Amino acid sequence: MPRTTIADVAQAAGVSVSTVSRALRGLDRVSPETRERIEQEAKRLHFSFSKSASSLASGKTMRVAVLLPNEISSWFNAHAFEGIYEVMSKAGYDIVPYIVWTQDDLDAFFQNLPGNRNVDAVIVNSFNIVPEEVEKLSNMKVPIVGINIPSINGFNATVSIDDRQAMHVAVKHLFSMGHRRIAYAYETSNDNNQNMVFSAEARLHGLMETAEERKMTVERIAIRNYEDATNTILNSLLTMDPAPTALYCESDELALPVIYKLCQYGHAVPQELSVIGFDDVPLAAKIGLTTLHQDPFNMGENAARKMLSVMSGKTPKPLHETLQAQLMMRETTAFID
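Structure report, in brief.

Here is what the cut-offs are and how they apply
- Residues numbered from 1 in each chain as written.
- Predicted model: local features only at pLDDT ≥ 70, side-chain atom pairs only at ≥ 80, totals over all residues.
- Heavy atoms only, no water.
- Patch = residues over 30% accessible without salt bridge, like charges linked within 9 Å, V, L, I, M, F, W, Y side chains within 5 Å.
- Areas by Shrake-Rupley, 256 points an atom, 1.4 Å probe, with all protein chains shown as cover.
- Salt bridge = Lys/Arg side-chain N within 4 Å of Asp/Glu carboxyl O.
- Helix = DSSP H or I, 4+ residues; strand = E, 2+ residues; numbered from the N terminus.
- Axes fitted to C-alpha atoms, helices over the stretch in contact; angles between N-to-C directions.
- Parallel < 35°, antiparallel > 145°, perpendicular 65-115°, else oblique.
- Contact = heavy atoms within 4.5 Å.
- Nonpolar A, V, L, I, M, F, W, Y, C, P; charged D, E, K, R; others polar.
- Expected span 1.5 Å × (residues − 1).
- Buried < 20%, exposed > 50% of the residue type's maximum accessible area, 1.4 Å probe, protein only.
- Pairing = 2+ DSSP bridges.
- Right-handed = clockwise from strand over helix to strand, strands pointing away.
- Polar contact = N/O pair within 3.5 Å; in protein donor to acceptor, adjacent residues only side chain to side chain.

Re a nonpolar patch on the surface
On the surface, Ile72, Ile99 and Trp101 cluster together into a nonpolar patch covering about 260 Å² of accessible area. For Ile72, the position within the fold is in the loop between strand S1 (63-69) and helix H5 (75-90).

Structural notes on the packing of helix H1 (residues 6-13) against helix H2 (residues 17-24)
Between H1 and H2, the least distance of the axes is 8 Å, while the angle of their chain directions is 100°. Regarding the angle of H1 to H2, the classification is roughly perpendicular. Only Val17, Val20 and Ser21 of H2 make contact with H1, whose side of the interface consists of Ile6, Ala7, Val9 and Ala10. Tallied by class, residues from the contact of H1 with H2 come to six nonpolar, one polar and no charged.

Section: helix H8 (residues 163-176)
In this model H8 runs 20 Å from its N-terminal to its C-terminal C-alpha over 14 residues, within 8% of the 20 Å that 1.5 Å per residue would give. Of all the residues in H8, the buried ones are Asp163, Ala166, Met167, His168, Ala170, Val171, His173 and Leu174. A positive phi of about 100° marks Gly178, the residue just after H8.

Some remarks on the pairing of strand S10 (residues 290-293)
Bridging between strand S9 (residues 274-279) and S10 involves four bridges; their strand directions are parallel. The residue of S10 that forms the bridge with Ile276 is Thr290. Handedness of the crossover joining S9 and S10 through helix H12 (residues 282-287): right-handed.

Focus: the environment of Arg330
Note that Arg330 resides in the segment after strand S12 (326-328). Sequence separation between Arg330 and Ala7 is 323 residues, and the spatial gap between their C-alpha atoms is 63 Å. Discounting residues that sit within four places of it in the chain, Arg330 has contacts with Asp280, Ala284, Ala285, Gly288, Leu289, Thr290 and Thr291.

Quick word on the side chain of Ser274
Here Ser274 is to be found in strand S9. With a relative accessible area of 0%, Ser274 lands in the buried category. Side chain to side chain, Ser274 and His179 meet in a polar contact 3.4 Å long. Apart from residues no more than four positions distant in its own chain, Ser274 is found in contact with His179, Thr245, Ala246, Leu247, Thr332, Thr333 and Ala334.

Focus: unusual backbone geometry
The omega torsion of the bond from Val269 to Pro270 falls at 10°, within 30 degrees of zero and hence cis. Within the secondary structure, Pro270 sits in the loop between helix H11 (252-264) and S9. The step from Lys317 to Pro318 runs through a cis peptide bond, and the omega angle for that step is -10°. Inspection of the secondary structure assignment puts Pro318 in the loop between helix H13 (296-311) and strand S11 (320-323). For Asn148, which is not a glycine, the phi torsion comes out positive at approximately 55°. By secondary structure assignment, the location of Asn148 is in the loop between strand S4 (144-147) and strand S5 (157-161). Of note, Lys215 is a non-glycine position whose phi angle comes to about 55°, a positive value. Relative to the assigned elements, Lys215 resides in the loop between helix H9 (198-213) and strand S7 (217-224).

Written as structure tokens, this is what we have:
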């Protein structure tokens, strides 16, 4: 059978080819009734525009770049990306992930972008980009939306978790249960590239501020990205003198295997050591981990909706959205004598 053409749709709907083109590309000067009739006929005839042809006509690539720190498979990155995809794909956009391990990777992206001009918009997830890079996008008329970024300057819209406030809540929880000496385990960059570990830095500062206010002692366990995180935490805990009464982990991904190993070695949680995490991954509830809940899928959706508003010339509301993490009190924290 011959392939259905735009002329076939126009004939079936009783309109001109140019009207079909405007209707299926979402342009104006088409009445709602006519647009609906054209869409129904296009669906019945299994007709759709070639994305590349439509892009040439509109001057848009129909692609959005998502800049992700480190691996795409991490819990937060994967769920934020999925949320972005859920919204943007339904609007007809392809989502292109760019994995940014180092500042050099980020520099290369911005150096190549003006020449390639292969995306219509950029979403930055959980790390900092310098004002010069934001300005470059602005000059190219490429909108930029941020998820968990340290500065909103130059961004068209943002959605973030208040990491510092979340740490205040968690530390206050431990303090209320009698804990005065705690350990904090967190991952840190081994190349002094702080742009790539924004959330980690914000959480560390929030924890230290609250602990100092309450005269609590904090033993830091910094984990380099080439180290075995679980063993590094356990070795540090078992050699601290005096021992901490609580362990706060930067993420559930760090906390869960430590709890498993502690139980294997005969150390009871929370009787000997309270443990608290951050994220509230699905396994956290099953294990009974006390943790801070955040929803990266929802954040990705919100960021994508803001991007669509910006791209259509509208102002998202709220423009810069700050979400509060919720403390999930479960079985891995307890009062001490």
